[in-house]
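Residue strings, one per chain:
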Amino acid sequence: MKNYGFYFIVLALCASVQVSLPQRAGAQESITSVRQDERIFYHTVERGQTVYSIGLMYGVSEDDIFRLNPSSRRGIRAGEQLRIPQNGQTDGREEGDDEIYVYHTIRTGETLYGVSREYGLSTGDLSEANRGLTPETFAAGKTIRIPSMKIHSLPVTQTKVVVKELKYKIKRRETMYSICRKFDVTSEDLLAHNPQLKSGLKAGMELIIPVRTEEVVTEAPVQKELDIAELTSYRRQIERTNVARLALLLPFLAPGSQTPLDARVIEFYEGFLIAVDSVRNSGMSVELYVYNIGNDAATTATALENIEAPHLDLIVGGMTDIQIELIADFARDHDTKYVVPFSSRCERLTLDNPCIFQVNAATQNLYSYLTPRIHALFPRHRIILLDTGDGDPKTQLFNVIRADLNDSSIPFTEVTYREKTFQADMLAAMSNTAPSLVIPLSGSLDALLKIKSTLRSIVETRPEYAVTLFGHPEWQNYTKDCLDDFYALDTYFYTQSYMNAMTPEAKWFAGRYRDSYNKPLPATSPRYAVLGYDLGMYFLTALRAYGSAFDSYVAQHAYRSIQSGFRFGRVNNWGGFFNTNLYIVHYNGKDYSILREE
């Protein structure tokens, strides 16, 4: 991969570039049954969900949820049940193609077949409407959606010819011919039902007469009693492939321009190409189709028209909201997996489209995944929530932490920063018998600069007080000003992506990037070239291991990333996947190492 200069990018303009690499050798139980005509159903809150995301999921407003669940204004917790108004909602596609859905809360002991009978649908209808169903997600308290406008499974009325058997006693002077004419039957049918006629016809003999007549018959469709385990077993049949077919749709150039739209996109593309090249060693061939989608909807639509969709395993790309929506609709229509690599604003689409993998989940959706990590890492610490009064406060994070601490009966202290009394206030909140975990409300550099010197002074002058500082993703950009303080204060922070440039893997990639493109790896955070590489390696190795059904195996697909980790979970039984990965980064002052905990 020597010298892939910018000329390689230009080839993507308005056309496809094929790179064909040679092949080498536990939920709560619901207490309420839900049907289409009922006014509410019950939703069990899962980690990562907010009132806003739940409203999007079911097509209701936050106020609707607050009205039925007043306590939800103060926050919601995993495992809690919410009452949701039963509004019919479409799947969001173009008008005229919409399917209307209502929602059903699964009861204890209920089966997929039982639900299908209750609503007059086939198990296939329910499976198609809930692509994420598994034995784990088909459980009491979970929600599935019901396609209320399905009609092909309803009973069918039609006219059929029915054969009925009548008993008839032969009268004197009747013959086979007269009986056949009387009942409009053939002699063959009469003999078939009355073998004794072969010995002759006698008066008083009782015969069975097969009489044909037309009747209106209503027949219900015959359904096989499939259970959810059988359905998911069918879905998860592995069809491994040695050829992966991918399409990259990226905004390299604006229409009619020779100037790149965004250097980050080019870096992402360059890193993705290194991943494509790397999988050759596994014996896998890759067909990569690259399309320039510019910065508008029209260019994106043109690119989608040129895609050979039936042969694709994966689509990656999209930058603007309208581009992502166009690609997402295309992916759903063609049942092709779609990875959204940059945007965190496509939650509405992900909640309703089973094909989407959203790499960047909104940070606030990950807060509920963070608090159990804090409990596990710091079980003995006194927790101090510190409001510095600075901009960009993590108010929602503090609300989640407060709620979890209260539920667990874990004591905590809240301190408001006041410059003149800050040290005294902190000492009053600390203990000399247990370490203190200080969590600032703001992730800004100004907030960190306010507090770090005082906290460090306490650690250095009052050794009986042990302090650990716990911060936010932005802190990885502050090492120029705060690295020594991070080590001194035994600092941790959470983040979705982090690269330690001193690890062997990071050094390898930096060298490979430099050799391939004759330039150093950009030092921005996150590094988009590394994102492209990590993303490419994750999905290419998933395709190699599990084939096109890899979405059923994401829970067990392991990839050790250089920077960007992936832990995908389906958002509900009918939607796509959010990346719930969170790293905890630790500046260890004992040996001056930086550890990234998975």
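Residues numbered from 1 in each chain as written. Predicted model: local features only at pLDDT ≥ 70, side-chain atom pairs only at ≥ 80, totals over all residues. Heavy atoms only, no water.

As for the sheet that holds strand S22 (residues 593-597)
With respect to topology, seven strands assemble into an open sheet ordered S15-S14-S16-S17-S18-S21-S22, the strand pairing being mixed. Whereas interior strands pair on both sides, the edge strands pair on one side only; in this sheet they are strand S15 (412-416) and S22. If you compare each strand with its neighbour and ignore which way they point, the axes differ by 25° on average. As judged from the five bridges shared by strand S14 (residues 382-387) and S15, these two strands associate in the parallel manner. (Pairing = 2+ DSSP bridges. Helix = DSSP H or I, 4+ residues; strand = E, 2+ residues; numbered from the N terminus. Axes fitted to C-alpha atoms, helices over the stretch in contact; angles between N-to-C directions.)

Considering the pattern of salt bridges
Per the counting criterion, the structure on display carries 29 salt bridges. Arg 332 serves as the salt-bridge partner of Asp 352, at 3.6 Å between the closest nitrogen and oxygen. In this pair, Asp 352 sits in the loop between helix H12 (347-350) and strand S13 (356-358) while Arg 332 sits in helix H11 (residues 321-333), placing the two residues 20 residues apart along the sequence. Arg 332 shares its class with Asp 352; the two are buried. Taking the shortest distance from any N to any O, the salt bridge between Glu 474 and Lys 394 comes out at 2.7 Å. Within this pair, whereas Glu 474 is found in the loop between strand S17 (467-471) and helix H17 (479-488), its partner Lys 394 is found in the loop between S14 and helix H14 (395-407), the two being separated by 80 residues in sequence. Each member of the salt-bridge network shares a partner with another, and the members are Arg 145, Asp 329, Arg 332 and Asp 352. (Salt bridge = Lys/Arg side-chain N within 4 Å of Asp/Glu carboxyl O. Buried < 20%, exposed > 50% of the residue type's maximum accessible area, 1.4 Å probe, protein only.)

Considerations on the packing of helix H18 (residues 504-517) against helix H19 (residues 528-546)
Contact geometry for H18 and H19: axes closest at 11 Å, N-to-C directions at 105°. Classified by the angle their axes make, H18 and H19 are roughly perpendicular. Within the contact between the two elements, H18 uses Trp 508, Phe 509 and Tyr 513 and H19 uses Ala 529, Val 530 and Tyr 533. In terms of residue class, the contact of H18 with H19 is made up of six nonpolar, no polar and no charged. (Parallel < 35°, antiparallel > 145°, perpendicular 65-115°, else oblique. Contact = heavy atoms within 4.5 Å. Nonpolar A, V, L, I, M, F, W, Y, C, P; charged D, E, K, R; others polar.)

As for the side chain of Glu 174
Within the secondary structure, Glu 174 sits in the loop between strand S7 (156-169) and helix H6 (176-183). Despite its burial, Glu 174 pairs with no opposite charge; the closest candidate is Lys 182, at 4.0 Å N-O. Side-chain polar atoms of Glu 174 contact the backbone nitrogen of Lys 171, separated by 2.8 Å. In contact with Glu 174, not counting residues within four places along its chain, are Tyr 168, Lys 169, Ile 179, Lys 182 and Leu 201. (Lys, Arg positive; Asp, Glu negative; His and termini not counted. Polar contact = N/O pair within 3.5 Å; in protein donor to acceptor, adjacent residues only side chain to side chain.)

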